[in-house]
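A structural walkthrough
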Amino acid sequence: MKINKKRPELLLPAGSLEKLDYAVHYGADAVYLGMVDFSLRAMRKGELITLDNLKESIDLAHSYNKKAYLTLNIFAYDRDIKQLIESCEKINEAAPDAILFSDFGIYNIIKKYMPKIPLHVSTQTNILNSEAVKFWQDLGAERVVLSRDLSLEQISEIKNKVPDMQYEIFVHGAQCVSFSGRCLISDYMTKGERKANHGNCSQSCRWSYKLLEETREGEYFDIEENERGTHILSPKDLALINYLPQLIDIGIDSFKIEGRTKSLYYVSAVAKAYRKAIDDWLNTGKIDEQGNYNEIIKIGNRGYTTGFYLHKPDSEGYSYDISKGLAGADCLFVFLDKIQNKYKILTKNKFLLNDEIEIITPEECFKTKVLKIFDEKNLEEKELSNTNDITLIQLSEEPKDYKYALARTIGVKNLR
């Protein structure tokens, strides 16, 4: 049974040119990217997206007939406004499909210097009601990213009251402990050196805390029974993969995945999982709930929650024992080239000769075995390939197309 509903956009993060490329091939309809100085996710390594390669990044997305949105969603100081004005010519030349913003000053600059670029309003503006949507609509916005603090019922009500606006919501990824992500904890805990609303969050909510009573100097109390303290502020990750039918029924235009600082494997695997879930529902009227869950637990997470979408989160919505997301499957290597009957690969995590592994590509997912490992120059056979090694390997079963293929461990560890 084919569902006669509008096909929603699947929107993936593009923290680098490489991640953009993989996100598109694994199923993204659009990507969002941010330059280092104006984004709430300031990347610190890898092939960063800057003003100098912004046009190249957007052109790459356009070459695949996909959209690319530019995030300028910091809360700006005057020095930022000055720098943005100096950047407007290059941004116009790069021609993003929309600019995502939250600051009124940045809004003014966009309207004055980049009036032809469509406006998308960030979740940082705390859009919780239909009147706020109308406000931004009157100011020329084409799309709003609704607050993550809304329920499905509230989202539906807003959509019904203002049907001629585009709506984007987060469906997967890490969540901020503060209301719509407007957090000052990092600023406070780092004495102003790491400003969350300026793209430099220290993720203080992921730190481990204990209780200190004023009159008992040096005497600490566990907030719960945990020798490492407790991560009392750390929410679990959002995952709405099995609730996409309800969101499609409401008429949401864009499903957004969090994670511009996440790994290449994360971006690829989560895109593949959500692409399949959307297409399954639209093409057959069914979703594979267990299969969907089995896929997303192989991706780095702190445990999953539905956030505010079904009901207000209680204590089960927090990850008290860990701060870092743990993947259920380790990414082992990425494919670089094929030389005769061997694959040249870059190792991400150590693997051994004769290991059984799983290969995922945009079209495939299958198990195979490592038959041979050679050094990069193909001179010496090896028993293992260490992290960051470039090696040559032979596999018992090969991908139909190795470009964009990734290898990972079989099964699930770190089940949360």
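Going by the structure above, here's the rest.
So, here's what we can say about the structure. Given the structure is predicted, the values throughout are model-derived calculations rather than measurements.

**What to know about the overall build of the protein**
Summing up its helical and strand segments, the protein has 10 helices and 20 strands in all. Once local pairs closer than 6 in sequence are excluded, the contacts in the protein between residues at least 24 apart make up 68%.

**So, the pairing of strand β7 (residues 166-173)**
Most of β7 is tucked away, with 7 of its 8 residues classed as buried. Here 3 bridges tie strand β6 (residues 143-145) to β7, and the two strands are oriented parallel to one another. Looking across to β7, one finds that valine 144 is bridged to tyrosine 167. On the question of chirality, the crossover connecting β6 to the parallel β7 by way of helix α6 (residues 152-161) is right-handed.

**Side note on the nonpolar core**
Counting 89 residues, the largest nonpolar core has Val31, Leu33, Ile91, Leu146, Phe255 and Tyr274 as the members making the most contacts within it. Looking at this core element by element, the count peaks at 13 residues for helix α9 (residues 264-284). The contact partners of isoleucine 91, leaving out residues within four places of it in the chain, are Met35, Leu51, Leu54, Leu70, Leu72, Leu84, Pro96, Ile99, Met114 and Ile117. Grouped together as the second largest cluster of nonpolar side chains are 15 residues, Phe333, Ile345, Ile357 and Ala405 included.

**Section: the side chain of serine 57**
Of note, serine 57 is situated in helix α2 (residues 54-63). For serine 57, a relative accessible area of 0% gives the class buried. Those residues in contact with serine 57 that lie beyond four places of it in its chain are Leu17, Leu20, Leu33 and Ile49.

**So, the sheet that holds strand β19 (residues 390-395)**
Strand order in this closed barrel of 6 strands is β13-β14-β19-β17-β16-β20, and the pairing throughout is antiparallel. The average undirected angle you get between the axes of adjacent strands in this sheet is 45 degrees. Note that strand β14 (residues 342-347) and β19 share 4 bridges and pair antiparallel. Residue pairing for β19: lysine 344 is matched across the bridge by leucine 392. Against the sheet, α9 touches β13 (331-339), β16 (356-360), β17 (365-374) and β20 (406-409), its axis set at about 90 degrees to β20.

**Overview of helix α1 (residues 17-25)**
Counted residue by residue, α1 has 7 buried out of 9 residues, so it is predominantly covered. Taken together, the buried positions of α1 are occupied by Leu17, Lys19, Leu20, Asp21, Tyr22, Ala23 and Val24. Next to the buried residues of α1 lie β1 (9-13), β2 (30-34), α2, α9, β13 and β20. Downstream of α1 by one or two residues, glycine 27 has phi in the positive range, about 130 degrees.

**Focus on the pattern of salt bridges**
Applying the stated rule across the entire model yields 22 salt bridges. Its salt-bridge partner being arginine 302, residue aspartate 237 comes within 3.1 Å of it at the nearest N-O pair. On the criterion of sequence distance, the pair formed by aspartate 237 in strand β10 (residues 237-239) and arginine 302 in the loop between α10 (289-296) and β12 (304-305) is long-range, its members being 65 residues apart. Of the two residues, aspartate 237 and arginine 302, neither departs from the other in class, the shared state being buried. Of the charged contacts, one joins glutamate 381 and lysine 372 as a salt bridge, the two residues approaching to 3.6 Å between their closest N and O atoms. For lysine 372, a relative accessible area of 30% gives the class partly exposed. It is possible to trace a salt-bridge network through shared partners that takes in Arg7, Asp29, Arg275 and Asp279.

**Quick notes on α9**
Relative to the 30 Å expected for 21 residues at 1.5 Å per residue, α9 spans 30 Å between its end C-alpha atoms, a close match to the ideal helical length. Of all 21 residues in α9, 17 are buried, a share of seventy percent or more. One or two steps after α9, the chain reaches glycine 285, where phi turns positive at roughly 75 degrees.

**Regarding the environment of lysine 372**
Along the chain, lysine 372 falls in strand β17. Along the primary structure lysine 372 and lysine 342 are separated by 30 residues, whereas in three dimensions their C-alpha atoms are 8.8 Å apart. Other than its neighbours up to four places away in sequence, lysine 372 contacts Leu353, Glu381, Leu392, Ile393 and Gln394.

**Here we look at the packing of aromatic side chains**
Each aromatic ring pair is described using two quantities: the centre-to-centre distance and the angle formed by the ring planes. Taken as a whole and assessed by the stated rule, the structure comprises 12 aromatic pairs. Ring plane angle 80 degrees and centroid distance 5.0 Å describe the contact between tyrosine 22 and tyrosine 404, whose orientation is recorded as edge-to-face. On the criterion of sequence distance, the pair formed by tyrosine 22 in helix α1 and tyrosine 404 in the loop between β19 and β20 is long-range, its members being 382 residues apart. According to the relative accessible area criterion, tyrosine 22 is buried, its value standing at 8%. Among the aromatic side chains, those forming a connected cluster through ring pairs are Phe101, Phe104, Tyr107, Phe135 and Trp136. We note lysine 256 situated over the ring of tyrosine 32; from NZ or CZ to the ring centre the distance is 4.5 Å. Sitting over the face of the ring of phenylalanine 374, lysine 342 holds its NZ or CZ atom 4.9 Å from the ring centroid.

**Some points on the pairing of β13**
Of the pairings in the sheet, the one linking β13 to β20 comprises 3 bridges and is antiparallel in character. Each residue of the ladder has a partner; that of valine 334, found in β20, is leucine 406. Two successive antiparallel strands, β13 and β14, enclose a turn made up of 2 residues, where glutamine 340 displays a positive phi of approximately 55 degrees.

**Here's the deal with the packing of α2 against helix α3 (residues 78-94)**
For the pair α2 and α3, interaxial distance at closest approach is 8 Å and the crossing angle is 20 degrees. Considered as vectors, α2 and α3 are oriented roughly parallel to each other. With respect to the hand of their crossing, α2 and α3 are arranged in right-handed fashion. In contact with Leu54, Lys55 and Ile58 of α2, α3 contributes Ile91, Glu93 and Ala94. The residue makeup of the contact of α2 with α3, split by class, is 4 nonpolar, no polar and 2 charged.

What counts and how
- Residues numbered from 1 in each chain as written.
- Predicted model: local features only at pLDDT ≥ 70, side-chain atom pairs only at ≥ 80, totals over all residues.
- Heavy atoms only, no water.
- Helix = DSSP H or I, 4+ residues; strand = E, 2+ residues; numbered from the N terminus.
- Contact = heavy atoms within 4.5 Å.
- Buried < 20%, exposed > 50% of the residue type's maximum accessible area, 1.4 Å probe, protein only.
- Pairing = 2+ DSSP bridges.
- Right-handed = clockwise from strand over helix to strand, strands pointing away.
- Core = buried A, V, L, I, M, F, W, Y, C linked by side-chain atoms within 4.5 Å.
- Axes fitted to C-alpha atoms, helices over the stretch in contact; angles between N-to-C directions.
- Salt bridge = Lys/Arg side-chain N within 4 Å of Asp/Glu carboxyl O.
- Expected span 1.5 Å × (residues − 1).
- Phe/Tyr/Trp six-rings, centres within 6.5 Å; stacked < 30°, edge-to-face > 60°.
- Lys NZ or Arg CZ within 6 Å of the ring centre and 35° of its normal.
- Parallel < 35°, antiparallel > 145°, perpendicular 65-115°, else oblique.
- Left-handed = near helix turned anticlockwise from the far one by under 90°.
- Nonpolar A, V, L, I, M, F, W, Y, C, P; charged D, E, K, R; others polar.

Remember, this is a structural readout, not a statement about activity or role.
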